[in-house]
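# Per-entry structural report
One-letter residues, chain by chain:
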Amino acid sequence: MTIAKKLQSYIDGKGIAYDTVAHNRTATSSQAAQAAHIPGSKLAKSVVVHHETGYVLAVVPSTHRIELSRLQDMMEKRLGLASEDEIGSLFFDCDIGAVPPVGSAYDVPVILDKSLGDAKEVYFEGGDHRTLVHVSGADFLNLMKDARVASFSHPS
């Protein structure tokens with residue numbers, strides 16, 4: 001697999017330039033950063049959380065952990081991690097654990113951690129465990145333009 005078709009179609013539709021970085025199969029975002037020889041701080045990690053009325057995609061650097069209580073306070077909703085079945089139905093053309101941060105492509109709202117806002121370049125999962133998508137920081141912010149930006153993570 002390369003990048004997920006729905007993601008590719010969305011990025012292409014926005015006219016955003018990107019390239020892909022192939023790497024050996026990995027299980028975590030920090031392993032993906034190592035395998036692709038990129039700093040983990042430049043790899044956007046996506047975490048799908050659910051609440052009583054739907055889902056939100058929390059996006060943080062792979063070097064950070066989400067502070068779920070802080071995110072709950074900001075959203076004023078009880079949050080929990082989405083199950084693999086829930087993730088599979090939302091991101092149907094992606095492997096579990098390789099969800100791209102571009103929630104708009106899948107009609108899932110995004111909350112973006114402020115720490116990714118000034119990155120010069122960003123990498124993110126393309127929908128499988130072997131491919132990263134690489135975009136400029138400005139293009140990443142363009143892809144995230146509908147996202148709410150807040151501080152809700154800390155370095156792990």
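Just above sits the structure.
The following refers to the structure shown. Just so we're clear, the structure is a prediction, and the values are computed from it rather than from any experiment.

Here is what the cut-offs are and how they apply
- Residues numbered from 1 in each chain as written.
- Predicted model: local features only at pLDDT ≥ 70, side-chain atom pairs only at ≥ 80, totals over all residues.
- Heavy atoms only, no water.
- Helix = DSSP H or I, 4+ residues; strand = E, 2+ residues; numbered from the N terminus.
- Polar contact = N/O pair within 3.5 Å; in protein donor to acceptor, adjacent residues only side chain to side chain.
- Contact = heavy atoms within 4.5 Å.
- Buried < 20%, exposed > 50% of the residue type's maximum accessible area, 1.4 Å probe, protein only.
- Pairing = 2+ DSSP bridges.
- Core = buried A, V, L, I, M, F, W, Y, C linked by side-chain atoms within 4.5 Å.

Below, the discussion takes up the side chain of His-134. Mapping His-134 onto the fold places it in strand 8 (residues 131-136). At 2.8 Å, the side chain of His-134 forms a polar contact with the side chain of Asp-19. The residues touching His-134, leaving out its near neighbours within four places in the chain, are Ala-17, Tyr-18, Asp-19, Val-21, Glu-121, Val-122 and Tyr-123.

What follows is about the pairing of strand 3 (residues 54-61). With respect to burial, strand 3 is a largely interior element, seven of its eight residues being buried. By the bridge criterion, eight bridges tie strand 2 (residues 43-51) to strand 3 in an arrangement that is antiparallel. By the bridge assignment, Val-49 is partnered in strand 3 with Val-56. With three bridges joining them, strand 3 and strand 6 (residues 110-113) adopt parallel strand pairing. Bridge pairing in strand 6 places Ala-58 opposite Ile-111.

This next bit is on the environment of Thr-28. Assignment of secondary structure puts Thr-28 in the loop between strand 1 (19-22) and helix 2 (29-36). Residue classification places Thr-28 among the partly exposed residues on the basis of a relative accessible area of 35%. Sequence separation of Thr-28 and Leu-57 is 29 residues, and the distance between their C-alpha atoms is 17 Å. Reaching out from Thr-28, the side chain makes a polar contact with the backbone nitrogen of Gln-31 at a distance of 3.1 Å.

Our focus in this paragraph is the nonpolar core. By size, the foremost hydrophobic cluster in this structure holds 31 residues, and its most contacted members are Phe-91, Phe-124 and Phe-140. Only helix 1 (5-13), strand 2, strand 3, helix 4 (84-90), strand 6, strand 7 (121-125), strand 8 and helix 5 (137-143) provide two or more residues apiece to this core. With three residues, helix 1 is the largest single contributor of residues to this core. In terms of nonpolar packing, the next biggest core, distinct from the first, is built from eleven residues, Val-47, Ala-58, Leu-71 and Ile-111 among them.

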